[in-house]
Amino acid sequence: MSTPWWRDAAIYQIYPRSFRDTNADGEGDLAGIIEGLPYLKRLGVDAIWLSPFFKSPNRDGGYDVADPRLVDPRFGDNEAAERLIAAAHDHGLKIIFDVVPNHFSSDHIWFQEALAAKPGSPERARFHFYEGKGADGSIPPNNWNSVFGGSCWTRITEADGSAGQWYLHLFDTSQPDLNWENPEVAADFEKTLRFWLDRGVDGFRVDVAHGLVKEGISVDHPDPEGLTRALRFDAEFEDKEYRAQLLSNMPFFDREGVHDIYRAWRKILDSYAGDRMAVAEAFISPSSRIARYVRPDELHQSFNFDFMLADWSAAEMRVAIQQTSAELSEVGAVPTWVLNNHDSSRVVSRLGDEGKARALALLTHALPGGLYVYQGEELGLPDGVIPDSARQDPVFFRTNGADKGRDGARVPLPWKSAELNLGFSTGEPWLPLPSEYGMHSVDVEELNPHSMLNFYRTSLGLRKSHPDLGARSELTWLYSHEGVLSFKRGESLTVVANTTEEQLSLPESAKAILLASNGDTTLENGVLTIPSHSTVWLTN
Ligand code: GLC
């Protein structure tokens with residue numbers, strides 16, 4: 001049996017709004033992505049995943065979908081989506097779309113119909129509408145918080161002008177949660193999956209895959225504030241044990257019922273030729289729970305957030321790698337590796353320097369399984385510094401600025417250093433490009449043999465061509481020296497990462513350096529000298 005393409009694919013995440021603008025409206029578009037395909041092919045990725053570009057009032061960067069089967073005019077139209085699918089395939093790239101099943105936008109026709117209809121009506125039953133508590137119903141149905149801060153309930157005004165029912169929104173008020181107990185909801189999503197599968201997409205990234213089923217809506221949570229903090233990426237949560245405890249039992253996430261939904265989706269995916277796949281965004285704890293989403297009759301992959309959140313520390317990363325690999329192998333699934341995305345800090349900013357990010361990338365590119373690369377990661381972009389007046393993320397507004405939100409990781413890509421807006425757009429970009437992005441522009445990095453871009457091209461190229469980096473080659477752990485992570489892939493490739501502050505000299509039986517994140521690495525007379533915070537690939 002041949003190995004399905006996604007098992008060890010490198011998948012590049014495109015945030016369409018910030019990729020490349022061709023119509024001067026300051027936001028990227030599908031035509032811009034088509035223009036960028038040769039660049040992505042040259043980078044050495046196997047597939048692209050696009051964050052949502054569907055009809056949306058854009059209150060949460062398009063994760064508030066008003067029509068999942070219609071391209072938002074800001075990005076193009078449905079013909080452009082079909083052209084993009086064909087163009088990606090012409091370049092030998094697979095293409096994955098984002099599906100957002102936990103909620104719709106409040107602009108979706110269903111929600112508008114629900115507002116106009118009466119309590120108890122079939123229109124309201126597609127969402128979670130409840131009466132409030134207290135004599136006048138002015139207290140929300142429970143004390144749960146939105147992941148973005150504040151209550152997750154909003155009270156509506158009924159059609160007759162009276163204060164009405166409350167609806168549940170785990171995210172922004174503009175993202176009413178769908179009621180998955182209602183078969184109409186499942187039927188509509190089946191229609192959406194088939195709509196895009198029929199048009200040739202190779203798979204889906206499933207947004208908030210763990211959120212679709214809610215339980216015990218009438219019961220208050222003991223620490224709703226703590227739970228929100230625990231749930232937010234980058235939250236400084238001192239008491240890690242308590243954090244884990246909060247995340248291990250959430251009334252609105254990771255309920256048993258979600259798995260029936262994915263079993264049904266798997267049947268749909270399997271009914272199409274060509275290894276169509278789905279990857280779950282399930283930010284849940286403990287990590288062993290994630291394996292449940294990738295059982296043989298459910299989804300294919302899940303993002304490995306434990307690895308993404310691990311410190312640059314040999315010990316911590318080894319635990320994350322081993323644990324995930326062991327848990328997933330029990331269900332016959334392979335891990336994925338991700339260093340950042342549109343919701344997190346960029347990896348260079350998270351680790352605080354480009355050298356560490358390069359070392360982490362080289363380590364990650366040698367791990368067995370799927371790889372996700374977030375646009376701009378290959379250029380070594382840091383988070384953009386954004387004035388509060390330009391911020392757009394609802395997290396910033398819903399926390400009254402206490403959490404700056406995720407805009408820093410969503411700043412448009414710099415293509416050409418000498419052009420207006422660094423070649424991203426000839427219009428006013430939706431978020432400002434910092435001047436320091438100039439030195440990270442694609443044209444500058446292409447010319448510099450030592451740039452992050454050329455480093456990624458080399459390591460992604462080797463990842464694909466090296467016989468020991470394929471899906472079937474084993475990972476074997478080698479010696480443990482404090483602060484050093486070392487493993488072998490297959491027969492001939494050895495990976496050594498030094499996460500300490502010191503340059504180390506280590507006995508080494510491998511014969512030659514294949515690729516090093518730091519050019520000062522040497523291998524002479526059986527001694528590997530590896531600089532602080534660096535990784536090397538060695539061959540026999
Ligand atoms: C996911 C998305 C994030 C979005 C949220 C609500 O976590 O990645 O960007 O805000 O879901 O849809």
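In this report, we go over the structure that sits alongside the text. (Residues numbered from 1 in each chain as written. Predicted model: local features only at pLDDT ≥ 70, side-chain atom pairs only at ≥ 80, totals over all residues. Heavy atoms only, no water.)

### Concerning the packing of helix α1 (residues 30-43) against helix α14 (residues 452-465)
- At a minimum axis separation of 8 Å, α1 and α14 run at an interaxial angle of 60°. Between α1 and α14, the crossing angle belongs to the class labelled oblique. Between α1 and α14, the residues in contact are Y39, R42 and L43 and L453, Y456, R457 and L460, respectively.
- Along the lines of polarity and charge, the residues of the contact of α1 with α14 split into five nonpolar, no polar and two charged. (Axes fitted to C-alpha atoms, helices over the stretch in contact; angles between N-to-C directions. Helix = DSSP H or I, 4+ residues; strand = E, 2+ residues; numbered from the N terminus. Parallel < 35°, antiparallel > 145°, perpendicular 65-115°, else oblique. Contact = heavy atoms within 4.5 Å. Nonpolar A, V, L, I, M, F, W, Y, C, P; charged D, E, K, R; others polar.)

### Re helix α9 (residues 314-330)
- Compared with an ideal rise of 1.5 Å per residue, which puts 17 residues at 24 Å, α9 spans 24 Å between its outermost C-alpha atoms and is within 8% of the ideal.
- Taken together, the buried positions of α9 are occupied by A314, M317, A320, I321, T324, E327 and L328.
- Looking at the packing, one finds that the buried side of α9 touches α8 (305-309), β12 (336-338), α11 (354-365), β14 (475-477) and β15 (484-489).
- One or two steps after α9, the chain reaches G332, where phi turns positive at roughly 80°. (Expected span 1.5 Å × (residues − 1). Buried < 20%, exposed > 50% of the residue type's maximum accessible area, 1.4 Å probe, protein only.)

### What to know about the environment of A333
- Along the chain, A333 falls in the loop between α9 and β12.
- By relative accessible area, A333 is classed as buried at 10%.
- For the pair formed by A333 and H300, sequence separation is 33 residues and the distance between their alpha carbons is 7.2 Å.
- In this view, A333 contacts V294 and L328; residues no more than four positions away in its chain are not counted.

### Things to note about the site of the ligand
- Near the ligand there are 14 residues, and of these D60, D207, E281, H342 and D343 occur at the shortest range.
- Out of a free accessible area of 310 Å², the ligand has 96% covered by protein chains.
- Looking at the shell around the ligand residue by residue, the class counts come to four nonpolar, three polar and seven charged. (Near = heavy atom within 4 Å. Areas by Shrake-Rupley, 256 points an atom, 1.4 Å probe, with all protein chains shown as cover.)

### Thoughts on the pairing of strand β5 (residues 94-99)
- Where burial is concerned, most of β5 is hidden: five out of the six residues are buried.
- Inspection of the sheet shows β5 paired to strand β9 (residues 203-206) by four bridges, in the parallel sense. Residue pairing for β9: F97 is matched across the bridge by F204. (Pairing = 2+ DSSP bridges.)

### Digging into the packing of aromatic side chains
- Evaluated as defined, the whole model comprises 31 aromatic pairs.
- Ring centres of F111 and F127 lie 5.1 Å apart, and the angle between their planes is 85°; on these two criteria the pair is classed as edge-to-face. Remark: F127 occurs in the loop between α3 (109-116) and β6 (129-130) and F111 occurs in helix α3; sequence separation between them is 16 residues.
- Exposure remark for F127: the relative accessible area of 3% places this residue in the buried category.
- Where F195 meets W196, the ring centres are 4.8 Å apart and the plane angle is 90°; that geometry is what we call edge-to-face. By the burial criterion, F195 is buried, and W196 matches it.
- These aromatic residues form a ring-pair network of at least three members: F104, W110, W180, F189, Y262, W265 and Y293. (Phe/Tyr/Trp six-rings, centres within 6.5 Å; stacked < 30°, edge-to-face > 60°.)

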